[in-house]
Amino acid sequence: MSVQKRKERERAERERLIVATARELAEQQGWDAVTTRRLAERIEYSQPVLYSHFRGKREIIGAVALDGAAEMAAALRAATSAADGPRARVTALARTYLEFAARNPAVYDAMFELDGGLAFANEDTPQPLKDAFAALLESLGEVAGDGVHPGLFTEVFWAALHGLATLTRAGRLPPEDTEPRVELLVDRLAMV
């Protein structure tokens, strides 16, 4: 292995370590606890090393968001591919989305609540975010209905899921009623 390739590999490994450590710290203590100083201490590198990878916390949040989007897309596709028929796919998608949000609150915040410097819904949108939306669209597009734009339908369904996820997490909706909400959402919005 050439020296250049080794340095590139080591840099990529450091970057993964920074992102994983930021995610772990945010999940344990919240995003306010994620500082470059604390990250540097945890990964045993200097702050300048962190700044050689990320210009600041905003970019770290963005990196966590991109990893989270890739994980969410994979989880949604796994759940929907195991389901039989449109109704089962949409129900599996809704459950998986809400479970992901509940299990990964800091990642979910990085994806949808915090400023990670990422563009949504335009040509500059990073591929992992496009792919996460595509994972929603794959199942929801088939139930959008006649004359309904599949992308718009997916946005509305996604907005409903996001509302359920954030309101449940904030204690505004009781978590024990998640399943009836999913059924209602599938029955009334997806109409399958």
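Since this is a predicted model, take the numbers as computed values, not measurements. (Residues numbered from 1 in each chain as written. Predicted model: local features only at pLDDT ≥ 70, side-chain atom pairs only at ≥ 80, totals over all residues. Heavy atoms only, no water.)

(A) Representation of the pattern of salt bridges in the model. Enumeration according to the criterion identifies 15 salt bridges in this entry. Between Glu41 and Arg37 there is a salt bridge; the shortest N-O distance is 3.6 Å. Of this pair, Glu41 and Arg37 both sit in helix α2 (residues 36-43), separated by four residues, roughly a single helical turn. Arg37 shares its class with Glu41; the two are exposed. Three or more residues are tied together by salt bridges with common partners; here these are Arg87, Arg95, Glu179, Glu183 and Asp187. (Salt bridge = Lys/Arg side-chain N within 4 Å of Asp/Glu carboxyl O. Helix = DSSP H or I, 4+ residues; strand = E, 2+ residues; numbered from the N terminus. Buried < 20%, exposed > 50% of the residue type's maximum accessible area, 1.4 Å probe, protein only.)

(B) Expanded view of the packing of aromatic side chains. For the structure shown, the criterion picks out six aromatic pairs. When the ring of Tyr97 is compared with that of Tyr108, the centres are 5.8 Å apart and the planes differ by 90 degrees; the resulting orientation is edge-to-face. A residue pair is termed long-range when its members are at least 10 positions apart, and Tyr97 in helix α5 (residues 86-103) and Tyr108 in helix α6 (residues 105-112) qualify at 11 residues. For Tyr97, a relative accessible area of 0% corresponds to the buried category. Summarising the aromatic geometry, the rings of Tyr108 and Phe112 are spaced 4.9 Å apart at their centres and angled 65 degrees between planes, so their arrangement reads as edge-to-face. Linking Tyr108 with Phe112, this pair stays in helix α6, spanning four residues, or about one helical turn. Aromatic ring contacts, followed pair by pair, group Tyr97, Tyr108, Phe112, Phe120, Phe133 and Trp158 into a single cluster. Above the ring of Tyr45, the side-chain terminus of Arg14 is found at 5.8 Å from the ring centroid. (Phe/Tyr/Trp six-rings, centres within 6.5 Å; stacked < 30°, edge-to-face > 60°. Lys NZ or Arg CZ within 6 Å of the ring centre and 35° of its normal.)

(C) The UniProt feature "domain: HTH tetR-type" (unreviewed entry) in the protein chain, seen in detail. Here the UniProt-annotated "domain: HTH tetR-type" (unreviewed entry) positions come out as residues 12-72. Within residues 12-72, the helical portion is 80% and the strand portion 0%, while the C-alpha atoms at the span's ends are 22 Å from each other. (UniProt positions renumbered as here; feature names shortened; annotations may be inferred.)

(D) Seen up close, the UniProt feature "DNA-binding region" (unreviewed entry) in the protein chain. Here, UniProt's "DNA-binding region" (unreviewed entry) annotation points to residues 35-54. Secondary structure content for residues 35-54 is 75% helix and 0% strand, and the end C-alpha separation is 12 Å.

(E) Region of interest: the domain arrangement of the protein chain. Looking at the protein chain, the domain boundaries give domain 1 (1-53) and domain 2 (58-189). Distance from the C-alpha centre of domain 1 to the C-alpha centre of domain 2: 28 Å. Summing both partners gives a buried area of about 910 Å² for domain 1 against domain 2, and 68% of it is carried by carbon and sulfur. When the buried area of domain 1 at its contact with domain 2 is split by residue, Arg23, Glu27 and Trp31 rank highest and sum to 68% of it. Summed over the shared surface of domain 1 and domain 2, the result is one salt bridge. Applying the counting criterion to the domain 1 and domain 2 interface returns five residue pairs in polar contact (both at pLDDT 80 or more). Here the side of domain 1 that touches domain 2 gets six residues from one element, more than from any other, and that element is helix α1 (residues 3-29). Among the residues making up the side of domain 1 that touches domain 2, the classes are represented as six nonpolar, one polar and two charged. (Domains from an automatic or database assignment. Buried area = accessible area lost by both parts, 1.4 Å probe. Polar contact = N/O pair within 3.5 Å; in protein donor to acceptor, adjacent residues only side chain to side chain. Nonpolar A, V, L, I, M, F, W, Y, C, P; charged D, E, K, R; others polar.)

(F) Examining helix α8 (residues 150-169) more closely. The terminal C-alpha atoms of α8, which comprises 20 residues, lie 28 Å apart, in line with the 28 Å expected from a rise of 1.5 Å per residue. Every buried residue belonging to α8 is among Gly151, Phe153, Thr154, Phe157, Leu161, Leu164 and Ala165, and all of these are buried. Buried residues of α8, seen end-on, are gathered within an arc of 155 degrees and therefore sit on one face of the element. Residues of α8 that are buried make contact with α5, α6, α7 (127-140) and α9 (178-190). In the segment just after α8, Gly171 is the residue with positive phi, at about 80 degrees. (Expected span 1.5 Å × (residues − 1). Arc of directions from axis to C-beta. Contact = heavy atoms within 4.5 Å.)

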